[in-house]
Each structure stands twice: as C-alpha cells, then as structure tokens.
Amino acid sequence: METRGLRIKRTKYFTVQRIAILASLTALCHVGRLMLQFIPNVQPMTTILLIITLTMGTIDGLVVALLSLLLSNMFLGMGPWTMTQFIAFAVVILLTGCLRPLYRSQKLATWARRSLFIGYAFLTGLLYGFIISIVSTQMFGIQNFWVYYLQGISFDLLHAFGNAGFFLILDPILSPLINRRKDFLQ
C-alpha cells in the first residue's frame, strides 16, 4: 500500500508463529496453576505473565492471561471471580508493561535488574490481592473493605512470596527461550 509517496508495510500482529508461542505459554500457565492447587495462592501463573509481558509485550500478556484464566477456571470453577481475576491481572500486566524498558535496559547490572524484578514480582502478589479485594467488595456488596482485605492478607503474602520465588527460578529459563523465538515474531 502506498500513500502520498510513503510506503506503509502491513504486517499481521498475530502470525501463526506468535499464536503457537502464545498457546504454549497459555498451556504452561494452565498446567502451573493446576499443578500446585494444594498450596493456597502459590502458582507460577502471575510470574509467567510478568515474564511474557516483559519480554513479548503487554498485548501478549493480556491474551495469555485471559486464555489461561478461561481454560483453568473451566477446571477450577467458573464464576464472577473469573472477571475479578482478569481485572486484577490486567492491572498488573499494564503496570508491568510500563516497566518493560527498565527490564530491557543495559544500564543496570544483571543482578541489580533481577533483584529489582524479584521485588516487583513480590509486590504484584500484594497488588493482585488488593485489586481482587476492591472488586470483590464492590461486586458482592461487602460493607467493610479493610476487614475483608485484612482477613485475606496471609493468602496475598503467600502469593507474593510465591511470585518472588518463581521469578527467581523462571526468569533465567523463560526469558531466553522467549527471546530466541523473537525472530519468528518480527
């Protein structure tokens, strides 16, 4: 397509290769979420979504979050909390997308960047629980937000520690794997 002397290259965002990678990452989130059901709120899904967003982008993180939630909640139980979970994941992913340039920056030492994002992964566990509590109190008409939120803070802390641990383990494994596939995604 040519417009006023400018060439506009049309490319499809969702190529077959990108869809295949997103499907594989969705399956990884799904299996990780189901595999650790015996430990409350400790699942690699949030961390995998953080790594996807940091390496591939916000749109890809949102797509995998939605598909993973729908798929895993078919097994775990679908309900109004599915929308609450997606809202919380969307906020976390959008915030993570803003930090993507920092993750890709070569100015920080590798250990400093990893330490920073391990701390960030911890905070996203707390943020996720806070957003879930806000939306749930509004959705279900719960009168006292702080009582509701503080009753679940131990679960949010489990989620936060799990995120930090999973980020420590999964970032050096998943990021290079995803980055190797970048040439397929261009």
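Labelled according to an unreviewed UniProt entry, the chain appears under the name ECF transporter S component, originating from Fundicoccus ignavus.

### Things to note about the packing of helix α2 (residues 45-55) against helix α3 (residues 58-76)
Close contact between α2 and α3 brings their axes to 7 Å; oriented N to C, the two are set at 155°. The angle between α2 and α3 falls in the class roughly antiparallel. α2 and α3 meet at a crossing whose hand is right-handed. The residues of α3 that touch α2, namely those facing M45, L49, I52 and T53, are T58, D60, G61, V64, A65, S68 and L69. Classifying every residue of the contact of α2 with α3 gives six nonpolar, four polar and one charged.

### Some words on unusual backbone geometry
Phi at N41 takes a positive value of approximately 65°, unusual for a residue other than glycine. Residue placement: N41 occurs in the loop between α1 (16-35) and α2. A relative accessible area of 32% means that N41 is categorised as partly exposed.

### Examining the UniProt feature "transmembrane region" (unreviewed entry) in the chain
The positions UniProt marks with the feature "transmembrane region" (unreviewed entry) are residues 48-71, 83-103, 115-137 and 157-178. Its end C-alpha atoms 16 Å apart, residues 48-71 is made of 92% helix and 0% strand. With 100% helix and 0% strand, the stretch residues 115-137 has end C-alpha atoms that lie 34 Å from each other.

### Let's talk about the packing of aromatic side chains
In total, this model carries ten aromatic pairs according to the counting rule given. Taken together, a centroid distance of 5.2 Å and an interplanar angle of 90° make the contact between Y103 and F117 edge-to-face. Here Y103, found in helix α5 (residues 100-104), pairs with F117, found in helix α6 (residues 110-140); they are 14 residues apart in sequence, far enough to count as distant. Overall, the relative accessible area of 1% leaves F117 in the buried class. Between F145 and Y149 the ring centres are 5.8 Å apart and the planes differ by 10°, which places this aromatic pair in the stacked class. In this pair, F145 and Y149 are both assigned in helix α7 (residues 145-151), four residues apart and thus about one turn of the helix distant. Look at F145 and you get buried, because its relative accessible area is 16%. Aromatic rings pair up to connect F130, F145, W146 and Y149 into one cluster.

Cut-off values and rules
Residues numbered from 1 in each chain as written. Predicted model: local features only at pLDDT ≥ 70, side-chain atom pairs only at ≥ 80, totals over all residues. Heavy atoms only, no water. Axes fitted to C-alpha atoms, helices over the stretch in contact; angles between N-to-C directions. Helix = DSSP H or I, 4+ residues; strand = E, 2+ residues; numbered from the N terminus. Parallel < 35°, antiparallel > 145°, perpendicular 65-115°, else oblique. Left-handed = near helix turned anticlockwise from the far one by under 90°. Contact = heavy atoms within 4.5 Å. Nonpolar A, V, L, I, M, F, W, Y, C, P; charged D, E, K, R; others polar. Buried < 20%, exposed > 50% of the residue type's maximum accessible area, 1.4 Å probe, protein only. UniProt positions renumbered as here; feature names shortened; annotations may be inferred. Phe/Tyr/Trp six-rings, centres within 6.5 Å; stacked < 30°, edge-to-face > 60°.

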